[in-house]
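What follows is the residue order along each chain.
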Amino acid sequence: SGGTLLAAADAEIEMNNTLFTSKTNSFEANGIKFSLKGATEGETVYIDIASDTETTAGRVKEFVSAYNTLLEKLNDLYNANSAKGYEPLTSEQKEAMTEEEVELWETKIKGSLLRRDETLGKLKDAMRTALASSVMIGGKRYSLATLGIETSSDYTEYGKLHIRGDEDDSAYADKKDKLGAMLEENPNLVSDILSGVTSKLYETLNDKMR
């Protein structure tokens, strides 16, 4: 009694002289998601959009750091010192040694199990190849080097990545920050480059695991 029945209607939003409609209070335009909190009929609302380049650059650094940690571990296993002359101990030999001596002996053997292992060698080489590859975007080829992410000329690093202008990397801190500049200029291109290259890495790892 006393109630009024209202027919359901889509929300209408006018933005930049263009009318958008949505069945909910959320809609997407130009790749940006909007969540409407209230009606502002007759009132002009100004919205400033800016890329959070610092957070994005931080995530790229996290990826590079994680990759370098993994690569270092694989290289340590592959380039481990030889355990030549260290045969598995017999029960009699163990009884004649202290627990610490036995542990050191067995650690020496275990640490060299993957030395020059062919499968491991192919895996780490495939990873490096994937991240050194290029992707075609808009008729042009791009790679991690385009973003200032490159390997060191120091061969003892065995392919570790560095980011130009990374303040936490003493050897590269004074170099031009190409990643930051590109994030400011064209963040979508940066995203496409990273997605393309890391997808190749993902496919490579899946293939090697099989």
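Higher on the page you've got the structure.
No experiment lies behind these values; they were computed from the predicted model shown.

Chemist: It is not clear to me how the pairing of strand β3 (residues 26-29) should be interpreted in this structure. Could you clarify?
Modeler: In regular strands, side chains alternate between the two faces of the sheet. Residues F27 and A29 of β3 are buried on one face, while the alternating residues S26 and E28, pointing to the opposite face, are not. Where β3 folds back on strand β4 (residues 32-35), the antiparallel hairpin that results is connected by two residues, among which N30 adopts a positive phi of roughly 55°.

Chemist: Even after reading the chapter, I still don't get the nonpolar core, so can you show me in this structure?
Modeler: Soluble globular proteins: nonpolar side chains tend toward being buried together. Counting 26 residues, the largest nonpolar core has L147, I149 and L179 as the members making the most contacts within it. When residues of this core are traced back to their parent elements, those giving at least two are α1 (53-78), α4 (118-131), β8 (161-163), α5 (178-185) and α6 (187-209). Setting aside residues no more than four positions away along its own chain, I149 makes contact with V60, V64, L144, L161, H162 and I163. Residues I13, M15, F27 and F34 belong to the second largest nonpolar core, which totals five residues.

Chemist: Can you walk me through the pattern of salt bridges in this structure?
Modeler: It is possible for side chains of opposite charge to pair when their charged atoms get near one another. The full count for this structure, using the stated rule, is seven salt bridges. K61 is the salt-bridge partner of D166, the closest N and O atoms lying 3.0 Å from each other. Taken together, the residues span a long stretch of sequence, with D166 in the loop between β8 and α5 and K61 in helix α1 at a distance of 105 residues. The buried category is assigned to D166, whose relative accessible area is 13%. A relative accessible area of 27% means that K61 is categorised as partly exposed. Measuring nitrogen to oxygen at the nearest pair gives 3.1 Å for the salt bridge that ties E150 to R164. Pair noted here: E150 is in strand β7 (residues 149-151) and R164 is in the loop between β8 and α5, with a separation of 14 residues, a long-range link. Classification of E150 by relative accessible area gives partly exposed; the value is 22%. Since its relative accessible area comes to 24%, R164 is described here as partly exposed. The network of salt bridges with shared partners includes K61, D166 and D168.

Chemist: What's the story with the packing of aromatic side chains in this structure? I'm lost.
Modeler: Two numbers describe a pair of aromatic rings. These are the distance of the centres and the angle of the planes. Using the criterion set out here, one finds two aromatic pairs in the structure. The interplanar angle of 40° and the centroid separation of 5.5 Å between the aromatic rings of F20 and F27 together place this pair among those described as tilted. The class of F20 is partly exposed, set by a relative accessible area of 23%. Look at F27 and F34: their rings are 5.0 Å apart centre to centre, the planes differ by 15°, and that puts the pair in the stacked class. The exposure classification of F27 matches that of F34, with both residues buried. In textbook terms, an aromatic cluster arises when at least three aromatic residues are bridged by ring pairs, as seen for F20, F27 and F34. Above the plane of the ring of Y78 lies K124, whose end atom (NZ or CZ) is 4.7 Å from the centre.

Reading the values: rules and limits
Residues numbered from 1 in each chain as written. Predicted model: local features only at pLDDT ≥ 70, side-chain atom pairs only at ≥ 80, totals over all residues. Heavy atoms only, no water. Buried < 20%, exposed > 50% of the residue type's maximum accessible area, 1.4 Å probe, protein only. Helix = DSSP H or I, 4+ residues; strand = E, 2+ residues; numbered from the N terminus. Pairing = 2+ DSSP bridges. Core = buried A, V, L, I, M, F, W, Y, C linked by side-chain atoms within 4.5 Å. Contact = heavy atoms within 4.5 Å. Salt bridge = Lys/Arg side-chain N within 4 Å of Asp/Glu carboxyl O. Phe/Tyr/Trp six-rings, centres within 6.5 Å; stacked < 30°, edge-to-face > 60°. Lys NZ or Arg CZ within 6 Å of the ring centre and 35° of its normal.

In short, geometric facts, not functional conclusions.
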